[in-house]
Amino acid sequence: EQEEQEERVFFDTVLVDPPRAGLDDTTRRLVGGYDRVLYISCNPEALARDLRELLVTHEMKKFAVFDHFPFTRHVESGVYLQRREVKRL
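Residues numbered from 1 in each chain as written. Predicted model: local features only at pLDDT ≥ 70, side-chain atom pairs only at ≥ 80, totals over all residues. Heavy atoms only, no water.

Student: Sorry if this is basic, but what is going on with the pattern of salt bridges here?
Tutor: Opposite charge on two side chains lets them pair, provided their charged atoms get close. For the structure shown, the criterion picks out 7 salt bridges. A salt bridge links arginine 28 to aspartate 25; its shortest N-O distance comes to 2.9 Å. With arginine 28 and aspartate 25 both in helix α1 (residues 25-31) and 3 residues apart, this pair spans about one turn of that helix. Note that arginine 28 and aspartate 50 form a salt bridge whose closest N and O atoms lie 2.8 Å from each other. Linking arginine 28 in helix α1 with aspartate 50 in helix α2 (residues 44-57), this pair joins segments that are 22 residues apart in sequence. (Salt bridge = Lys/Arg side-chain N within 4 Å of Asp/Glu carboxyl O. Helix = DSSP H or I, 4+ residues; strand = E, 2+ residues; numbered from the N terminus.)

Right under this line is the structure:
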């Protein structure tokens, strides 16, 4: 009888598209543990707040603004973050 081995799968990238309030503290810490983060936001203020914490460990590689709702103040933003490399001495 052959034993089944549990296969572990690890992910290094996460996609988040939070509600207008942005990420809660717990989710922000969890997201910060990934090497790459794709963050979609409908609220620039919440995005700025979340980025203040995420940019400590990650760097912004790409940023885009999407105007899905012309003639309104609403925009969607997309940010691609990548974990900062730790320089070894």
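Alright, that's what it looks like, and here's the rest.
Student: Hey, could you run me through unusual backbone geometry in this one?
Tutor: Working note: non-glycine residues mostly have negative phi, and peptide bonds are mostly trans. The backbone of phenylalanine 71 shows a phi angle near 65°, a positive value even though the residue is not glycine. With respect to the helices and strands, the residue phenylalanine 71 is situated in the loop between β3 (58-66) and β4 (76-83).

Student: Looking at this structure, how should I read α2?
Tutor: In an α-helix, one turn spans 3.6 residues, which is why side chains three or four residues apart end up on the same side. Spanning 14 residues, α2 covers 20 Å between terminal C-alpha atoms, matching the ideal 20 Å at 1.5 Å per step. The largest bend in α2 comes to about 35°, at leucine 51. Residues of α2 that are buried make contact with α1, β2 (36-41), β3 and β4. (Expected span 1.5 Å × (residues − 1). Bend = angle between axes of the 7 residues up to and from the residue. Contact = heavy atoms within 4.5 Å.)

Student: Just to check I follow, could you spell out the nonpolar core for this structure?
Tutor: Most often, soluble globular proteins have nonpolar side chains that are buried together. Listed in full, the 11 residues of the largest apolar core are Val14, Val16, Leu23, Val31, Val37, Tyr39, Leu47, Leu51, Leu54, Val79 and Leu81. Of all elements in the fold, only β1 (13-16), β2, α2 and β4 reach the threshold of two or more residues within this core. The biggest single contributor to this core is α2, with 3 residues. Beyond its immediate stretch of four places on either side in the chain, valine 31 contacts Val14, Val16, Leu23, Val37 and Leu54. (Core = buried A, V, L, I, M, F, W, Y, C linked by side-chain atoms within 4.5 Å. Buried < 20%, exposed > 50% of the residue type's maximum accessible area, 1.4 Å probe, protein only.)

Student: Looking at this structure, how should I read the sheet that holds β1?
Tutor: Sheet strands line up and pair through hydrogen bonds in the backbone, either parallel or antiparallel. Pairing within the open sheet is mixed, and its 4 strands lie in the order β1-β2-β4-β3. Sheet topology places β1 and β3 at the edges, where each strand pairs with a single neighbour. The average angle at which neighbouring strand axes cross in this sheet is 10°, direction not considered. In this sheet, β4 lies alongside β2 in antiparallel orientation, the contact comprising 6 bridges. What sits directly across from tyrosine 39, in β4, is valine 79. (Pairing = 2+ DSSP bridges. Axes fitted to C-alpha atoms, helices over the stretch in contact; angles between N-to-C directions.)

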